[in-house]
Amino acid sequence: MAWHTRATRTVYENRWIRVREDDVTGPHGDGIYGVVEMQQPAVFVIALDEQERVCLVELERYTTGRSLEVPAGGTDGEDPLVAARRELFEETGVEAADWRPLGRMNALNGIAAAPEHVFLARELTIRDATASQREEGIDAVRWVPFADVLALIADGGITDGESIAALAYAGIALGRFA
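On a predicted model such as this, the values are computed, not experimentally measured, just so you know.

1. Considering the overall build of the protein chain
Moving on, step 1. Scanning the protein chain from terminus to terminus reveals 4 helices and 11 strands.
Moving on, step 2. Referenced to the eigenvectors of the C-alpha coordinate spread, the extents of the protein chain come out at roughly 55 × 40 × 30 Å.
Moving on, step 3. Across the 178 residues of the protein chain, 38% fall into the buried class.
Moving on, step 4. For the protein chain, the proportion of contacts with a sequence separation of at least 24, taken over those separated by at least 6, is 56%.
Moving on, step 5. Approximately 9900 Å² of the protein chain is accessible, and the part contributed by carbon and sulfur atoms is 52%.
Moving on, step 6. For the protein chain, the distance from the average site of its 17 positive side-chain charges to the average site of its 30 negative ones is 2 Å.

Here it is as structure tokens:
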């Protein structure tokens, strides 16, 4: 059975998200469905250096505490590749000469409309981005071999679902899971 939306209303909105309640008819009958909509798509960057190490950022998330993640952020209305370049530099001080789109994904698709773009960045140059890292809330930038990143996922060192999904895209593209 397809979902049918009978009415919708915005219950909260800011520059990043909109929360709406929809009166729906679905597989279980009539009800209310809450949906979080991102105002702009997000980007996730797998930056891989010449030693096959992945660039990760460490930060404190208000919602979940300490987190180890791939560089990411909102597009702010920009083209996703432009936003990916900006986010990588702001969070890590890294610039890349080679960019490859890996795919698209949706975060929390049971409750959210949150489109995301994943990129692989190579041929890296590291610049100083200390000021922007502080502004972004980045506590550390870590370079971790790809195999060790997979071990971090397996043992719970990386728990951010979007980072894990982005790393899966990269692993598939790089033939690491064959």
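2. A word on the packing of aromatic side chains
Moving on, step 1. Counted according to the given criterion, the structure contains 2 aromatic pairs.
Moving on, step 2. Measuring from centroid to centroid gives 5.4 Å for Trp-3 and Tyr-33, while their planes differ by 90°, and the two rings are edge-to-face. Residue Trp-3 is found in the segment before strand S1 (4-13), and its partner Tyr-33 is found in strand S3 (residues 29-38); the two are separated by 30 residues along the sequence.
Moving on, step 3. Overall, Tyr-33 belongs to the partly exposed group, its relative accessible area being 30%.
Moving on, step 4. Across the ring face of Phe-146, the terminal group of Arg-176 is positioned such that the distance to the ring centre comes to 4.9 Å.

3. Brief notes about the environment of Glu-50
Moving on, step 1. Structurally, Glu-50 is set in the loop between strand S4 (42-47) and strand S5 (53-61).
Moving on, step 2. Along the chain, Glu-50 and Thr-10 lie 40 residues apart, while their C-alpha atoms are 47 Å from each other.

4. Points about the layout of surface pockets
Moving on, step 1. Computed from the structure, the largest pocket encloses a volume of approximately 1400 Å³.
Moving on, step 2. Around the largest pocket, the lining comprises 41 residues; the ones closest to its centre are Met-38, Ala-42, Phe-44, Arg-61 and Glu-162.
Moving on, step 3. Of all the elements in the fold, those that place two or more residues in the lining of the largest pocket are S3, S4, S5, strand S6 (65-69), strand S7 (72-74), helix H1 (80-92) and helix H4 (161-173).

5. Focus: the sheet that holds strand S2 (residues 17-26)
Moving on, step 1. Across the sheet, which stays open at both edges, the 4 strands sit in the order S1-S2-S3-S9 with mixed pairing between neighbours. In this open sheet, the two edge strands, each paired with only one partner strand, are S1 and strand S9 (112-113).
Moving on, step 2. Relative to S2, S1 runs antiparallel, the two sharing 8 bridges. Bridging from a neighbouring strand, Ala-7 pairs with Asp-23 of S2.

6. Describing the sheet that holds S5
Moving on, step 1. On the basis of which strands lie adjacent, the open sheet formed by 3 strands has the order S6-S5-S11 and antiparallel pairing. Strands at the two margins of the open sheet, each flanked by one partner only, are S6 and strand S11 (138-145). Direction aside, neighbouring strands of the sheet carry axes that sit 25° apart on average.
Moving on, step 2. As paired strands, S5 and S6 are joined by 5 bridges and run antiparallel to one another. Bridge assignment links Leu-59 to a residue of S6, and that residue is Ser-67.
Moving on, step 3. Across the sheet, helix H3 (residues 146-154) is in contact with S5, S6 and S11; its angle to S11 comes to roughly 115°.

Conventions adopted
Residues numbered from 1 in each chain as written. Predicted model: local features only at pLDDT ≥ 70, side-chain atom pairs only at ≥ 80, totals over all residues. Heavy atoms only, no water. Helix = DSSP H or I, 4+ residues; strand = E, 2+ residues; numbered from the N terminus. Buried < 20%, exposed > 50% of the residue type's maximum accessible area, 1.4 Å probe, protein only. Contact = heavy atoms within 4.5 Å. Areas by Shrake-Rupley, 256 points an atom, 1.4 Å probe, with all protein chains shown as cover. Lys, Arg positive; Asp, Glu negative; His and termini not counted. Charge placed at Lys NZ, Arg CZ, Asp CG, Glu CD. Phe/Tyr/Trp six-rings, centres within 6.5 Å; stacked < 30°, edge-to-face > 60°. Lys NZ or Arg CZ within 6 Å of the ring centre and 35° of its normal. 1 Å grid on protein atoms, 1.4 Å probe; cavity = no way out; pocket = protein on both sides within 12 Å on 5 of 7 lines; lining within 4 Å. Points joined across faces, edges and corners; volume = space filled by probe spheres on them. Pairing = 2+ DSSP bridges. Axes fitted to C-alpha atoms, helices over the stretch in contact; angles between N-to-C directions.

Taken by themselves, the reported measurements are silent on function.
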